[in-house]
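# Descriptive structure summary
For reference, the chains in residue letters:
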Amino acid sequence: MIKTISILGSTGSIGTQTLDVVDMLGLKVCALTAASNVDLLEKQVRKYNPELAVMFNEEKASELKLRLRDTDTTVLGGMDGLIAAATSESADLVLNSVVGMVGLKPTMAAIEAKKDIALANKETLVAGGDLVTDAVRRNGVKLLPVDSEHSAIFQCLQGMPDNKALKKLILTASGGPFFGKKADELRGVTVEQALNHPNWSMGAKITIDSASMMNKGLEIIEAARLFGVSADDIDVVVHRESIIHSLIEYTDNSVIAQLGVPDMRIPIQYAITYPSRFESPVTELNLAQIGKLTFFEPDYKTFKCLNACKTALSMGGAATAIANGANEEANMLFRNGKIKFLDIGELVEGAVQNVSNFVPKTIEDVLNADSLARQYVKERVN
């Protein structure tokens, strides 16, 4: 089992739950990073005494440096700081839980530094695509999924000696706060309503993605990249209880599922301890108490992000980076009250159809595709 971990995004939902797991397993933390939450990062640094603390916001980094001047922790800022945390010589594993495209460069830097990655930043694989998976193979590192759905598939696949027996992957979706609603009922929904997730406690961006079903679209792309399958080999089923986290189907139509209470500390811990398992801080699953599990078809017509992501995956090239960039911009605009909820799907769909696609050969190409998608959204909104 790994002994020392670097956590990118330690003040967010995944980051704080990772530190619960760190406490449970008695691990050492060599680096912690945050976007702008100085108060919480300072508390974490004083508790875990890492070699390095990074604040992505440069002004906040200066403030953190002043606050921590009585400690031995080095404080850095910006992208250079994130990359330093991702490539720390002390780290046995880098857990990347930063939100959005910010996570791409640190992930690639960690891979090139031959660090195993526990990945909760799905945008890395969605936008980076073959550049990331090729780098993983070239450097001989592990890319371990932290998303509950991909961790579930990864766990199910441990019982399969080779991929020849695999027929399909089945991703479960909670359906979010707007399950069963049609477009007419969603025209006036507020940010507050979209943030009211029925099962999971997550950050604002990913919670809005869950409400729009973009999160599941991104997970389709991520699953294809992680497990080497096509869009046609991935199904989605709405499972309101969030007890079955995903499933795989074999060629003989046998289906294997991974179940557990909706608590991210299970997939986080498995990524850290793989291939071993240890006692966790998570509540035991009581099926009799739950009583029933339900399943429904997704509504592809109302939640346009799902089809937009499947289309982008089938198109190849930079299309998935374009879909992701358009969504990040639209998601932010919705949270800031600049667009309506249904506009998110329209804008993502429009970007995939209208922004010029090309084959990215470098990280800069991926970032350029992301920029073009964001520009498309801004122009459409203005």
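The structure reproduced in this document is the subject of the present report.

How each quantity is defined
Residues numbered from 1 in each chain as written. Predicted model: local features only at pLDDT ≥ 70, side-chain atom pairs only at ≥ 80, totals over all residues. Heavy atoms only, no water. Helix = DSSP H or I, 4+ residues; strand = E, 2+ residues; numbered from the N terminus. Buried < 20%, exposed > 50% of the residue type's maximum accessible area, 1.4 Å probe, protein only. Contact = heavy atoms within 4.5 Å. Areas by Shrake-Rupley, 256 points an atom, 1.4 Å probe, with all protein chains shown as cover. Pairing = 2+ DSSP bridges. Axes fitted to C-alpha atoms, helices over the stretch in contact; angles between N-to-C directions. Parallel < 35°, antiparallel > 145°, perpendicular 65-115°, else oblique. Left-handed = near helix turned anticlockwise from the far one by under 90°. Nonpolar A, V, L, I, M, F, W, Y, C, P; charged D, E, K, R; others polar. Expected span 1.5 Å × (residues − 1). Polar contact = N/O pair within 3.5 Å; in protein donor to acceptor, adjacent residues only side chain to side chain. Phe/Tyr/Trp six-rings, centres within 6.5 Å; stacked < 30°, edge-to-face > 60°. Patch = residues over 30% accessible without salt bridge, like charges linked within 9 Å, V, L, I, M, F, W, Y side chains within 5 Å. Salt bridge = Lys/Arg side-chain N within 4 Å of Asp/Glu carboxyl O.

### Regarding the overall build of the protein chain
On a plain count of helices and strands, the protein chain comes out with 18 helices and eleven strands. Projected onto the principal axes, the alpha-carbon positions of the protein chain cover approximately 55 × 50 × 40 Å. Looking at the protein chain as a whole, 56% of its 382 residues are labelled buried. Within the protein chain, contacts between residues separated by at least 24 positions form 68% of all contacts whose residues are at least 6 apart in sequence. Carbon and sulfur atoms make up 47% of the accessible area of the protein chain, which totals about 16,400 Å².

### Describing the sheet that holds strand E10 (residues 244-250)
The strand order across the open sheet formed by four strands is E9-E8-E10-E11, and the pairing between neighbours is mixed. Each end of this open sheet is capped by a strand with a single partner; those strands are strand E9 (234-238) and strand E11 (255-259). Taking the axes of each pair of neighbouring strands and ignoring which way they run, one obtains an average angle of 20° across the sheet. Where strand E8 (residues 166-173) meets E10, five bridges bridge the pair, whose relative direction is antiparallel. Residue pairing across strands places Leu-166 opposite Tyr-250, the latter belonging to E10. Taken strand by strand, helix H12 (residues 214-227) contacts E8 and E9, and its axis lies near 150° from that of E8.

### Topic: the packing of helix H15 (residues 304-315) against helix H17 (residues 341-354)
One can describe the packing of H15 onto H17 by two numbers: an axis separation of 8 Å at closest approach and a directional angle of 15°. Between H15 and H17, the crossing angle belongs to the class labelled roughly parallel. Crossing of H15 against H17: the hand is left-handed. Every residue of H17 that contacts H15 at Lys-304, Cys-305, Ala-308, Thr-311, Ala-312 and Met-315 is listed here: Ile-344, Gly-345, Glu-346, Val-348, Glu-349 and Val-352. Considered class by class, the residues forming the contact of H15 with H17 number seven nonpolar, two polar and three charged.

### Here we look at H12
For H12, which comprises 14 residues, the first-to-last C-alpha distance of 20 Å matches the rise-based estimate of 20 Å (1.5 Å per residue) to within 8%. Of all 14 residues in H12, 13 are buried, a share of seventy percent or more. Looking one or two residues beyond H12, the residue adopting positive phi is Gly-228, at roughly 65°.

### A few points about the side chain of Glu-149
Position of Glu-149 relative to the elements: it lies in helix H8 (residues 148-157). At 3.2 Å, the side chain of Glu-149 and the side chain of Ser-148 are in polar contact. Contact partners of Glu-149, with chain neighbours within four places excluded, come to Leu-171, Thr-172, Lys-216, Glu-219, His-245 and Ser-246.

### Regarding the packing of aromatic side chains
Applying the stated criterion across every chain, the model contains six aromatic pairs. Seen from their ring centres, Phe-154 and Tyr-274 are 4.9 Å apart, and the 50° between their planes marks the pair as tilted. Of this pair, Phe-154 sits in helix H8 while Tyr-274 sits in the loop between helix H13 (265-273) and helix H14 (287-290); the two residues are 120 residues apart in sequence, bridging distant segments of the chain. Note on Phe-154: relative accessible area 15%, which makes it buried. Three or more aromatic residues link up through ring pairs in this structure, and these residues are Phe-154, Tyr-270 and Tyr-274.

### Observations concerning unusual backbone geometry
One can expect most non-glycine residues to show negative phi and most peptide bonds to be in trans. For the peptide bond that leads from Tyr-274 to Pro-275, omega is 5°, which places it in the cis range. With respect to the helices, strands and loops of the structure, Pro-275 is situated in the loop between H13 and H14. The backbone of Lys-114 shows a phi angle near 65°, a positive value even though the residue is not glycine. With respect to the helices, strands and loops of the structure, Lys-114 is situated in the loop between helix H5 (104-112) and strand E6 (116-119). The backbone phi angle of Asn-253 is positive, close to 70°, even though this residue is not glycine.

### Considerations on the pairing of E11
Here E10 pairs with E11 via five bridges, running antiparallel. Within the sheet, the bridge partner assigned to Ile-244 lies in E11 and is Leu-259. Two successive antiparallel strands, E10 and E11, enclose a turn made up of four residues, where Asn-253 displays a positive phi of approximately 70°.

### Details of a nonpolar patch on the surface
Among the surface-exposed residues, Leu-259, Leu-287 and Ile-290 lie close enough to one another that they form a single nonpolar patch of about 220 Å² accessible area. Looking at where Leu-259 falls in the secondary structure, it is placed in strand E11. On the accessibility criterion, Leu-259 (33% relative accessible area) is partly exposed.

### Thoughts on the environment of Gly-317
You can see Gly-317 is positioned in the loop between H15 and helix H16 (319-335). Separated by 189 residues in the primary sequence, Gly-317 and Gly-128 have C-alpha atoms spaced 10.0 Å apart. Those residues within four positions of Gly-317 in sequence are excluded, and the remaining contacts are Asn-357, Phe-358, Val-359 and Pro-360.

### Re the pattern of salt bridges
The full count for this structure, using the stated rule, is 24 salt bridges. The partner of Asp-23 in a salt bridge is Lys-47, and the shortest N-O contact between them spans 3.1 Å. One end of the pair, Asp-23, is in helix H1 (residues 13-25); the other, Lys-47, is in helix H2 (residues 38-48), with 24 residues separating them in the sequence. Residues Glu-42 and Arg-46 are paired through a salt bridge, measuring 3.1 Å at the closest nitrogen-oxygen approach. Here Glu-42 and its partner Arg-46 are both found in helix H2, four residues apart, which amounts to about one turn of the helix.

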